[in-house]
Amino acid sequence: ALRCVSRANRTGMRLAPISLLKHQTIAQLADLAADADEPLVEEQEVVTGPTPLTPAQLRFLVERKTPDVHHWNLSTIVQADRLSPTALRSAMQALIRHHDALRLRLWREGGRWRQEIAGLPAALPLESHDLSRLPPDEQAAEIERVCTELQGSIDLGSGLLLRVAHFDRGPRASARLFIAVHHFAVDGMTWSVLMQDFEHLYRQAEAGV
């Protein structure tokens, strides 16, 4: 449902996940789809404040006794011909604003875990590394070192549950983009939605939209 709604919204059809559950034919959904000229998302203030822990979060934090709750991430590294650092920053700002779970902050208080959605960060968790002067084998080693360091730097109390790194490997080599997100902000089902949104926002920023 999330994938369908995400793709529909990008084409101008305003649908919610609940729509696919209540209206299970194409004809019924077509009646709900708004005109493509209408705005897809209404402007709203940034969502912040306390939010209850889900049963899955409580199991992870309390019942499973996970040894390092901060280091439980999903990650990927992708290649692209060229990447614009300016467009990446713009896309990340929009992604963090739209996906509130990326701004989750958790802490222990009185022996219990608490959770809130933090405000927009003063600095983006985005690094850019120029590896163009290094030979290929040293580039690979440096990428691995940085990615490992970033994986271990996610802290549930920081208010940002993702890390991104851009690696420029020179004009004759494809760039690399590393993305790591804590499991509290994304799972196997929503990961593809998040990545699609990131790509869409990047292309918009690159085109100046």
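See the structure above.
Residues numbered from 1 in each chain as written. Predicted model: local features only at pLDDT ≥ 70, side-chain atom pairs only at ≥ 80, totals over all residues. Heavy atoms only, no water.

A word on the sheet that holds strand β2 (residues 73–80)
Spatial ordering of the open sheet is given by β2-β7-β6-β5, a layout of four strands whose pairing is mixed. The sheet is open, and its two edges are formed by β2 and β5 (126–130), each paired on a single side. Between one strand and the next, the sheet's axes are offset by a mean angle of 15°, whatever the strand orientation. Pairing of β2 with strand β7 (residues 175–182) involves eight bridges; the strand directions are antiparallel. Counted as the bridge partner of Ile-77 is Phe-178 from β7. Set on the sheet, helix α5 (residues 85–98) makes contact with β5, β6 (162–168) and β7; between it and β6 the angle comes to about 170°. The strands touched by helix α6 (residues 136–151) are β2, β5, β6 and β7; relative to β6, the strand with the most contacts, the crossing angle is about 165°. (Pairing = 2+ DSSP bridges. Helix = DSSP H or I, 4+ residues; strand = E, 2+ residues; numbered from the N terminus. Axes fitted to C-alpha atoms, helices over the stretch in contact; angles between N-to-C directions. Contact = heavy atoms within 4.5 Å.)

Keep in mind these numbers describe shape, not what the thing actually does.
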